[in-house]
Amino acid sequence: MRGNTIGIVAAACLVIGFVAGFILRPAIAPASASPAAAAGIAQPTEEEATEAVRRHRLFTGTVLSHATLKLGDCSPGGIGPGVMCMTQVVLDPTKPNATPQNRAIGFARVNGQWEVAVW
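Note that the coordinates shown come from a computational prediction; the quantities given were computed from them, not determined experimentally. (Residues numbered from 1 in each chain as written. Predicted model: local features only at pLDDT ≥ 70, side-chain atom pairs only at ≥ 80, totals over all residues. Heavy atoms only, no water.)

A.B. asks: Give a description of the nonpolar core that names residues and reports values.
C.D. replies: Judged by nonpolar contacts, the single largest core of 15 residues is most densely connected at V53, L69, L71 and F107. Elements with a contribution of two residues or more to this core: α3 (46-55), β1 (68-76), β2 (83-90), β3 (101-110) and β4 (113-118). Excluding residues within four positions of it along the chain, L69 makes contact with E46, A49, T50, V53, T87, Q88, V89 and I105. (Core = buried A, V, L, I, M, F, W, Y, C linked by side-chain atoms within 4.5 Å. Buried < 20%, exposed > 50% of the residue type's maximum accessible area, 1.4 Å probe, protein only. Helix = DSSP H or I, 4+ residues; strand = E, 2+ residues; numbered from the N terminus. Contact = heavy atoms within 4.5 Å.)

A.B. asks: Lay out the side chain of T50 with the relevant residues and their values.
C.D. replies: For T50, the location among the structural elements is in helix α3. For T50, a relative accessible area of 10% translates into the label buried. Each residue touching T50, except ones within four places of it in the same chain, is listed here: A67 and L69.

A.B. asks: Lay out the confidence of the model for the protein in plain terms, naming residues and giving numbers.
C.D. replies: Residues with a pLDDT of 70 or more make up 69% of the protein, whose mean pLDDT is 79. Ranking the elements of the protein by mean pLDDT puts helix α2 (residues 35-38) last, at 56, and α3 first, at 94. (pLDDT = per-residue confidence, 0-100.)

A.B. asks: Any chance you could break down the sheet that holds β4 for me, citing the residues and the numbers?
C.D. replies: With respect to topology, four strands assemble into an open sheet ordered β1-β2-β3-β4, the strand pairing being antiparallel. Where the open sheet ends on each side, the last strands, each with one partner, are β1 and β4. Sheet twist, expressed as the mean angle between neighbouring strand axes with direction ignored, is 40°. Relative to β2, β1 runs antiparallel, the two sharing seven bridges. Residue pairing in the sheet places T68 in a bridge with V90 of β2. (Pairing = 2+ DSSP bridges. Axes fitted to C-alpha atoms, helices over the stretch in contact; angles between N-to-C directions.)

A.B. asks: Would you mind going over unusual backbone geometry in detail, with residue names and values included?
C.D. replies: With glycine set apart, most residues show a phi of negative sign, and most peptide bonds adopt trans. Despite not being glycine, N97 shows a phi value in the positive range, around 60°. Note that N97 resides in the loop between β2 and β3. By relative accessible area, N97 is classed as exposed at 75%. Non-glycine residue N111 carries a positive phi angle of around 50°. Given a relative accessible area of 80%, N111 falls into the exposed group.

Shown next, in the form of structure tokens:
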């Protein structure tokens, strides 16, 4: 085979691979699924994550018993066990001018209950 023929066959295979990937992607990993869910890794519900944050004590000893949390996308934990999730958290909504903070929080399942693993 000549060099041009090999190049054309390789380019055709590459195009077929890209097209197949774009067609099969929704079936393999739906866009609505978070990376953790697509990888088959358990992640907390928003309610479970909120309860875990409310039980968590900061290094200063502060308890976040009134915290509210909106859970975003989760991915497999890179720093510790469990998952890292993007969250929007209000530490104390009872205070005037309490503003939401966007932060990544790690969650891990300990004895059947979700806990904050990385703050």
